[in-house]
Amino acid sequence: MKKNTMIKLAAGVAAILLVSTSANAGYTMKKKVGGVDTKLTVFGFAQLEARGGSGVIADNEDSKVAFGAQRIRLGWKYVAGNVRGKVFLDFNQNHDDNKKTGDGAAMPSMVKDAFISYVVDPAFVVKAGLIKMPNGMSFTMPGWNLDIAERGFDKKLVLERNTGLMISGRDIGLGNNGKVNGFEMGHERPWKGFGYDVMIANQASRSASASSSKNGGNSYAVRGMFDYTEKLHIEASYALSENAKGPSGTTGGEDYKNINIGVDSNLGKLSLKAEFFDAKNIKGTKDRDEQVFTATAGYFVTPSLEVVAKHMQGNATWATGTPDTTLSNTYLGLNIFMSMPYEDFSRKAKRARNQHKVVLNYIVAGGDTTKWNGLGGYNDNAFIAQYQFKF
């Protein structure tokens, strides 16, 4: 992206912020167009961090700490009657127009979301564009609303974002219990009843498990879920990307596919999550499989301090006849909330606390750390200190 374009974008955002009327969830402008009320909301967040330990500083032992940013994002949402639109950019990702990232639409990797949707009914919402594919409970929740400083190596198994068509529904079967606004990607609010997502898209070329080159084919994902307030959320999805060759095109042409199951429960001060992936034919290589199980627990000691532990256990098979390898990463952490609009411990209040927080994580690596042939993960101990602000 050219420098003058970036300056124009920044100036436009500044102008919007100056005339904004609300700061509760981003900054909002409202305008009546004909007989339709429209609303434009600008929002964003940044995660600045320091990382260290043998699992991070491997090539330069003289470095004790590496400083950087995980996400620097800015986006906007538009509402006009039943129509919705969203664009979300990450300025910490590549935005060179000459270096495209797959997904069949040749969008730079800095474009995280770019879609329109139409809300026919809470049980029937149509979306088109670049969207998170409905595969992976943790992945489809916002990156600023995580329990730890990052997603773990299970993220390598999702189909990631993709350009295509999705049909969704929420809050079905037990009455109208929560707002469905047309921007949903995961289980953002505590509904009662069933929900679903069905999506067809281009090859999942942003996925670490599928392909980074265009080999022909499509990807598919279907997910069902059930919610009973914030006390219980359960979901299951099946996803497939056709002809999932690697970049060289020599690692096979099998379809990559996975099954994901997730459970999430908010019990006031205590929160519990569990998730499982069973992935087959990674990078299109027959019998290159991986299973990952995660378990997360968080507890608020005070309204401004939460202790968190997340354990991830992976098992990888390279091919038939190859011994399995295992890897475990255990995150031990503290979430320190710098400003807290609420004193209660509902899921809504917990999300609001995440506007300003410090995350401290120590990662303990175990298993076949020198032989692990699965995707991602820390092969040695590491630590992360992160500051997040969101508006």
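So, here is what we can say about the structure in this document.

Basis of the calculations
Residues numbered from 1 in each chain as written. Predicted model: local features only at pLDDT ≥ 70, side-chain atom pairs only at ≥ 80, totals over all residues. Heavy atoms only, no water. Phe/Tyr/Trp six-rings, centres within 6.5 Å; stacked < 30°, edge-to-face > 60°. Helix = DSSP H or I, 4+ residues; strand = E, 2+ residues; numbered from the N terminus. Buried < 20%, exposed > 50% of the residue type's maximum accessible area, 1.4 Å probe, protein only. Polar contact = N/O pair within 3.5 Å; in protein donor to acceptor, adjacent residues only side chain to side chain. Contact = heavy atoms within 4.5 Å. Pairing = 2+ DSSP bridges. Salt bridge = Lys/Arg side-chain N within 4 Å of Asp/Glu carboxyl O.

**Thoughts on the packing of aromatic side chains**
Per the stated rule, a full pass over the model turns up nine aromatic pairs. An angle of 40 degrees between the planes, with centres 5.2 Å apart, marks the rings of Phe43 and Phe88 as tilted. You can see Phe43 sitting in strand E2 (residues 36–52) and its partner Phe88 sitting in strand E4 (residues 83–90), a full 45 residues away along the chain. Both residues of the pair, Phe43 and Phe88, count as buried. On the basis of an interplanar angle of 55 degrees and a centroid distance of 5.0 Å, the ring pair of Phe194 and Phe226 is categorised as tilted.

**A closer look at unusual backbone geometry**
With phi around 60 degrees, Asp171 is a residue other than glycine that occupies positive phi space. Its place among the elements puts Asp171 in strand E7 (residues 161–173). Although it is not a glycine, Asn281 adopts a positive phi angle of roughly 60 degrees. Tracing the backbone shows Asn281 in the loop between strand E12 (270–280) and strand E13 (289–302).

**Description of the side chain of Glu290**
Position of Glu290 among the secondary structure elements: in strand E13. From its side chain, Glu290 meets the backbone nitrogen of Leu375 in a polar contact 3.1 Å long. Setting aside residues no more than four positions away along its own chain, Glu290 makes contact with Phe153, Leu157, Phe277, Asp278, Ala279, Ile282, Asn315, Ala316, Trp372, Gly374 and Leu375.

**Some details on the environment of Tyr256**
As for its placement among the helices and strands, Tyr256 is situated in strand E11 (residues 256–267). On the basis of relative accessibility, which here comes to 0%, the residue Tyr256 falls in the buried class. In sequence terms Tyr256 and Ser219 are 37 residues apart; their C-alpha atoms lie 9.2 Å from each other. Among the polar contacts made by the side chain of Tyr256, one reaches the main-chain carbonyl oxygen of Leu157 at a distance of 2.6 Å.

**Regarding the pairing of strand E16 (residues 356–367)**
Where strand E15 (residues 325–337) and E16 come together, 11 bridges link them in antiparallel fashion. Its bridge partner being in E16, Leu334 is matched across the sheet by Leu360. Note that E16 and strand E17 (residues 382–390) share eight bridges and pair antiparallel. Residue pairing for E17: Asn361 is matched across the bridge by Ile384.

**Thoughts on the pattern of salt bridges**
Going through the model one piece at a time under the given rule, you end up with 15 salt bridges. Salt-bridge contacts for Asp113 lead to Lys86; the nearest nitrogen and oxygen are separated by 3.5 Å. One end of the pair, Asp113, is in strand E5 (residues 111–121); the other, Lys86, is in strand E4, with 27 residues separating them in the sequence. Relative accessible area serves as the criterion here: at 1%, Asp113 is assigned to the buried category. Across the pair Asp197 and Arg223 runs a salt bridge, and its minimum N-O distance is 2.9 Å.

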